Amino acid sequence: MNKVKYILIIGLIVSISISAKAGIIYTPADSVIFNKYISQLSPEREKPIGEIIVKTAKFFIGKPYVAHTLEIEENENLIINFRELDCTTFVETCIALSKVVKSGDHTLMNYAHILTQIRYRRGVVDGYTSRLHYISDWKYENEQNGILTDITLDIGGETIIKPITFMSSHSNAYKNLKNNDIDIEKIKEIERIIDKRNNYAVIPEQAIYSAEKQINDGDIIAFATSINGLDYSHIGIAYHEGKVLKFIHASSTARKVVIQDGSLHQYCKANKSQVGISVFRVQN
């Protein structure tokens, strides 16, 4: 992160429902990018949300892929970073910015409020475990707050029973969990709650082609994985290029945001650990 950064103490901003212990962290460069985005996309307010999401995703094409951009502070804060993105922060950023455009309130504070609702359980920043680390948990919470709907079962998906244990069983791989027994126990409880919901629906890889006609531009595509204890390994944004269903994502392979070559189905088929997809539709 740039050495120069702004930190806003949320206790002084009553319009944003973030814990008073937390702050918003961003750089002057992020403000410049946000203002440029608003200048370009605010005229699109009356367009369908899916169309705005795709245009937002295209706005970030070429931005570098950087992992762990939310792990820069010892304490959990709301990180706004338009300069560097991983697959999850890219999708969150695109949804939140598109919601800002649709709302008519084109302020960075409104963006921070919406991003907090998307990224954190019940829209409250309250430590590392309040962040929605598992995509299935992220999906559930964002269905509850009316931001998106899981349409997977409606377009050919099937419910899969898969115990979720990855973070607690690989705690040493996470800086904020390593040697942190309290948070490890909190993560274990979150994993148990995810399992009890039994709402993990996946379109198998061989059925993706049949479902493509029901996937819209701007839908969120989560790639289910065969990795033990993990629900999804990647996430991106559906995009039709001509008649071919592709997706836009922050690619760890390309090291930047790209429109993936080839079709979505081809991508999934080529990745042996990916067993299918789930599809989430953002609500207007």
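Relevant structure appears above.
So, a few notes on the structure that sits alongside this text.

Conventions adopted
Residues numbered from 1 in each chain as written. Predicted model: local features only at pLDDT ≥ 70, side-chain atom pairs only at ≥ 80, totals over all residues. Heavy atoms only, no water. Helix = DSSP H or I, 4+ residues; strand = E, 2+ residues; numbered from the N terminus. Rg over C-alpha atoms; globule rule 2.2 N^0.38 Å. Buried < 20%, exposed > 50% of the residue type's maximum accessible area, 1.4 Å probe, protein only. Areas by Shrake-Rupley, 256 points an atom, 1.4 Å probe, with all protein chains shown as cover. Axes fitted to C-alpha atoms, helices over the stretch in contact; angles between N-to-C directions. Parallel < 35°, antiparallel > 145°, perpendicular 65-115°, else oblique. Left-handed = near helix turned anticlockwise from the far one by under 90°. Contact = heavy atoms within 4.5 Å. Pairing = 2+ DSSP bridges. Phe/Tyr/Trp six-rings, centres within 6.5 Å; stacked < 30°, edge-to-face > 60°. Lys NZ or Arg CZ within 6 Å of the ring centre and 35° of its normal. Expected span 1.5 Å × (residues − 1). Polar contact = N/O pair within 3.5 Å; in protein donor to acceptor, adjacent residues only side chain to side chain.

**Quick notes on the overall build of the protein**
1) Next: Looking only at helices and strands, one finds 9 helices and 11 strands in the protein.
2) Next: Relative to its length of 284 residues, the protein is compact, with a C-alpha radius of gyration of 18 Å against a globular reference of 19 Å.
3) Next: Projected onto its principal axes, the C-alpha positions of the protein cover 50 × 50 × 30 Å.
4) Next: Here the protein holds 284 residues, and 54% of them are scored as buried.
5) Next: Element-wise, carbon and sulfur atoms account for 50% of the exposed surface of the protein, whose accessible area totals about 12900 Å².

**Structural notes on the packing of helix H1 (residues 28-41) against helix H3 (residues 87-103)**
1) Next: Relative to each other, H1 and H3 sit at 50°, their axes nearing to 11 Å. Put simply, H1 runs oblique to H3. Of the two elements, H1 crosses H3, and the hand of that crossing is right-handed. Along its contact with H1, which presents Phe-34, Tyr-37, Ile-38 and Leu-41, the element H3 presents Leu-97, Ser-98, Val-100 and Val-101.

**Details of the pairing of strand E6 (residues 201-204)**
Consecutive side chains along a regular strand alternate between the two faces of the sheet.
1) Next: Burial of E6 is two-sided: the residues Ala-201 and Ile-203 facing one way and the residues Val-202 and Pro-204 facing the other way are all buried.
2) Next: In terms of strand pairing, strand E5 (residues 158-159) meets E6 through 2 bridges, oriented antiparallel. Within E6, the residue paired with Thr-159 across the bridge is Ala-201.
3) Next: Pairing of E6 with strand E11 (residues 274-282) involves 2 bridges; the strand directions are antiparallel. Considered in E11, the bridge of Pro-204 is made with Gly-276.

**Things to note about the packing of aromatic side chains**
1) Next: Counting across every chain of the model gives 12 aromatic pairs.
2) Next: Centroid distance Phe-34 to Tyr-111: 6.1 Å. Interplanar angle 50°. Geometry classified as tilted. Here Tyr-111 lies in helix H4 (residues 108-119) and Phe-34 lies in helix H1, a separation of 77 residues in the sequence. The residues Phe-34 and Tyr-111 share a single accessibility class, namely buried.
3) Next: When the centroid spacing of 5.3 Å and the interplanar angle of 85° are considered together, the rings of Tyr-200 and Tyr-232 count as edge-to-face. Taken together, the positions of Tyr-200 in the loop between helix H7 (181-197) and E6 and Tyr-232 in strand E8 (residues 232-241) put the pair 32 residues apart, joining distant regions of the chain.
4) Next: Classification of Tyr-200 as buried rests on a relative accessible area of 8%.
5) Next: Assessed through its relative accessible area of 5%, Tyr-232 is described here as buried.
6) Next: Taken together, the ring pairs connect Phe-34, Tyr-37, Phe-59, Phe-60, Phe-82 and Tyr-111 into an aromatic cluster.
7) Next: The ring of Tyr-140 carries the charged tip of Arg-197 above its face, separated from the ring centre by 3.7 Å.

**Some points on H4**
Owing to its 3.6 residues per turn, the α-helix brings residues three or four apart onto one side.
1) Next: Taking 1.5 Å of rise per residue, 12 residues should cover 16 Å, and H4 covers 16 Å from first to last C-alpha, within 8% of that figure.
2) Next: Of all 12 residues that make up H4, 10 are buried, and the element is covered over most of its length.
3) Next: Close packing links the buried residues of H4 with strand E2 (23-26), H1, strand E3 (78-79), H3 and helix H5 (135-144).

**Let's talk about the side chain of Thr-56**
1) Next: Relative to the helices and strands, Thr-56 resides in helix H2 (residues 49-59).
2) Next: According to the relative accessible area criterion, Thr-56 is buried, its value standing at 0%.
3) Next: For Thr-56, the side chain forms a polar contact with the main-chain oxygen of Ile-52, separated by 2.7 Å.
4) Next: Setting aside residues no more than four positions away along its own chain, Thr-56 makes contact with Tyr-37, Cys-94, Leu-97 and Ser-98.

**A closer look at unusual backbone geometry**
1) Next: The backbone of Asn-198 shows a phi angle near 55°, a positive value even though the residue is not glycine.
2) Next: With respect to the helices and strands, the residue Asn-198 is situated in the loop between H7 and E6.
3) Next: Phi is positive for Arg-255, close to 65°, though the residue is something other than glycine.
4) Next: Tracing the chain through its elements places Arg-255 in the loop between strand E9 (244-251) and strand E10 (256-259).
5) Next: Classification of Arg-255 by relative accessible area gives partly exposed; the value is 47%.

**Things to note about the packing of H5 against H7**
When two helices pack together, their arrangement is captured by the angle between the axes and the distance separating the axes.
1) Next: At a closest axis distance of 10 Å, the pairing of H5 and H7 adopts a crossing angle of 65°. Taken together, the axes of H5 and H7 are roughly perpendicular relative to one another. In this structure, H5 crosses over H7, and the sense of that crossing is left-handed. Taken together, the residues of H7 that come into contact with H5 (itself represented by Ser-136, Asp-137, Tyr-140 and Glu-141) are Ile-190, Ile-194 and Arg-197.

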